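Here's the letter readout for the chains.
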Amino acid sequence: DQQVKQNSPSLSVQEGRISILNCDYTNSMFDYFLWYKKYPAEGPTFLISISSIKDKNEDGRFTVFLNKSAKHLSLHIVPSQPGDSAVYFCAASGQGGSEKLVFGKGTKLTVNP
Amino acid sequence: EPEVTQTPSHQVTQMGQEVILRCVPISNHLYFYWYRQILGQKVEFLVSFYNNEISEKSEIFDDQFSVERPDGSNFTLKIRSTKLEDSAMYFCASSGGHTDTQYFGPGTRLTVL
């Protein structure tokens, strides 16, 4: 049951360049989407979110884009830094943030100096 | 900055034994969750808890599992009779309100031998 899919298990970019992480979902009842970052031996750390009423949300170097018709969202990191190297999880929920989160499998981002 | 804490960081137990995993959510949060991640797999929702009762539970959360908020600060997950397949990272999360983001603890690694 893959309601949230992250099809790229890994991504490698050069420091200073843009990182684009992608996520697709199948459940049209999802209306709140989040990105979490996870380092080894730590819990997921909230990064940025977007409600289905928006198509873009920006926070510093991080921007999330939502395309509802395509059921696709992406996270852009500009410029990428070596400290951004981590596993990035896309997650979705039915209403706001209090409902259960459905996670993708994650994309391991490596930013090379 | 307030954070979710979990103890222990690593728990090793024998199959059939009971384990209790402990969490201290962020102090003014009202919604509490347990998730788990089996090695190499997705983070999966187990249960959500609000107003001293379970709001939602997944198929994984069978009769072997229970949750409790024994006092004003702790939130516990009990597994009555552990199985080998319960070996996973268990993450506690909390959120402040119905539309608020969920914040995760660092996790407890449970190893069932």
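In every chain, residue numbers begin from 1 and rise along the written sequence. Just so you know, chain letters begin at A and ligand numbers begin at 1, following the order they were written in. Side-chain atom pairs in this predicted model are given and counted only at pLDDT of 80 or more, local residue features only at pLDDT of at least 70, and totals for whole chains, interfaces and linings cover all residues. Calculated side-chain values reflect all of the structure's heavy atoms, with hydrogen atoms and water omitted.

Trainee: Can you tell me about the sheet that holds strand 1 (residues 5-7) of chain B, naming the residues and giving the values?
Mentor: Residue and element names in this part refer to chain B. At least two DSSP bridges between two strands are needed for those strands to be called paired. Strands are runs of DSSP state E lasting at least 2 residues, helices are runs of H or I lasting at least 4, and numbering of each runs from the N terminus. Read across the sheet, four strands follow the order 1-3-8-7 without closing on themselves; strand pairing throughout is antiparallel. Since the sheet does not close on itself, it has two edges, and those belong to strand 1 and strand 7 (65-68), each with one partner. The sheet shows a mean angle of 20° between the axes of neighbouring strands, taken without regard to direction. Two strands pair when backbone bridges link them, and strand 7 and strand 8 (residues 75-79) are joined in this way by four bridges, in the antiparallel orientation. Each residue of the ladder has a partner; that of Glu68, found in strand 8, is Thr76. Fitted lines through C-alpha atoms give the axes, limited to the stretch in contact for helices. The angle between two N-to-C directions lies from 0 to 180 degrees.

Trainee: Please give an account of the nonpolar core that cites residues and values.
Mentor: Grouping buried Ala, Val, Leu, Ile, Met, Phe, Trp, Tyr and Cys residues that are joined through side-chain atoms within 4.5 Å yields what is termed a nonpolar core. Per-residue accessibility, obtained with a 1.4 Å probe over protein chains only, is compared with the maximum for each type, and a residue is labelled buried under 20%, exposed over 50%, and partly exposed between these values. Ranked by internal contacts, the top residues of the largest apolar core, which has 24 residues, are Phe33(A), Trp35(A), Leu73(A), Leu75(A) and Tyr88(A). For this core, the secondary structure elements donating two or more residues are strand 3 (19-25), strand 4 (32-38), strand 5 (45-51), strand 7 (62-67), strand 8 (72-77), strand 9 (86-93) and strand 11 (107-112) of chain A. Tallying contributions element by element places strand 9 of chain A first for this core, with four residues. Core analysis: the second largest hydrophobic core is formed by 22 residues, Phe32(B), Phe65(B), Ala88(B) and Tyr90(B) among them.

Trainee: Lay out the state of the cysteines in plain terms, naming residues and giving numbers.
Mentor: Cysteine sulfur atoms that come within 2.5 Å of each other are treated as a disulfide pair. Throughout the structure, instances matching the rule amount to two disulfides over all chains. Shown here is the disulfide that connects Cys23(A) with Cys90(A), its sulfur atoms set 2.0 Å apart. Between Cys23(A) and Cys90(A), the disulfide has an S-S torsion of -75° and is therefore left-handed. Remark: Cys90(A) occurs in strand 9 and Cys23(A) occurs in strand 3; sequence separation between them is 67 residues. Accessibility expressed as a relative area gives 0% for Cys23(A), which makes it buried. Among the residues examined, Cys90(A) registers a relative accessible area of 1% and is labelled buried. The disulfide that involves Cys23(B) links it to Cys92(B), with 1.9 Å between the sulfurs. One quick way to see it: the torsion about the S-S bond of Cys23(B) and Cys92(B) is about -65°, and its sign makes the bridge left-handed. Note that Cys23(B) is positioned in strand 3 (residues 19-24) and Cys92(B) in strand 9 (residues 88-95), a separation of 69 residues in sequence. Here the two residues Cys23(B) and Cys92(B) agree in accessibility, since each one is buried.

Trainee: Describe a nonpolar patch on the surface, listing the residues and the values that go with them.
Mentor: Residues and elements named next belong to chain A. Patch membership requires more than 30% relative accessible area and the absence of a salt bridge. Residues of like charge join within 9 Å; the nonpolar side chains Val, Leu, Ile, Met, Phe, Trp and Tyr join within 5 Å. Every accessible area reported is derived by Shrake-Rupley at a probe size of 1.4 Å, with residue values counting cover from the shown protein chains alone. One speaks of a salt bridge when a side-chain nitrogen belonging to Lys or Arg is within 4 Å of a carboxyl oxygen belonging to Asp or Glu. On the surface, a cluster of nonpolar side chains totalling about 220 Å² of accessible area is made up of Ile18, Ile20 and Val78. Of note, Ile20 is situated in strand 3. A relative accessible area of 36% means that Ile20 is categorised as partly exposed.

Trainee: Residues and numbers for the sheet that holds strand 3 of chain A, please.
Mentor: Residues and elements named next belong to chain A. Sheet architecture is open: five strands sit in the order 1-3-8-7-6, paired in antiparallel fashion. The open sheet has two edge strands with one neighbour each: strand 1 (4-5) and strand 6 (56-59). Both strand 7 and strand 8 contribute to a ladder of six bridges, which runs antiparallel. Note that in strand 8 the partner of Phe62 across the bridge is Ile77.

Trainee: I'd love a proper account of the pairing of strand 11 of chain A, names of residues and values included.
Mentor: All names here are of chain A. Residues of strand 11 alternate between two faces, with Thr107, Leu109 and Val111 buried on one and Lys108, Thr110 and Asn112 left unburied on the opposite face. Strand direction decides the pairing type here: strand 2 (residues 10-14) and strand 11, joined by five bridges, are parallel. Paired with Gln14 across the two strands is Asn112, which belongs to strand 11. The pairing of strand 9 with strand 11 spans three bridges and is antiparallel. Within the sheet, the bridge partner assigned to Val87 lies in strand 11 and is Lys108.

Trainee: Describe the pattern of salt bridges, naming the residues involved and giving the relevant values.
Mentor: If charged atoms from side chains of opposite charge come close, those side chains can pair. On inspection of all chains with the given rule, the structure shows five salt bridges over all chains. A salt bridge links Lys100(A) to Glu56(B), with the nearest nitrogen and oxygen atoms 3.5 Å apart. A residue pair is termed interchain when its members come from two chains, as with Lys100(A) in the loop between strand 9 and strand 10 (102-103) and Glu56(B) in strand 6 (residues 53-57). We classify Lys100(A) as partly exposed; its relative accessible area is 32%. Among the charged side chains, a salt-bridge network with shared partners connects Arg36(B), Glu44(B) and Asp86(B).

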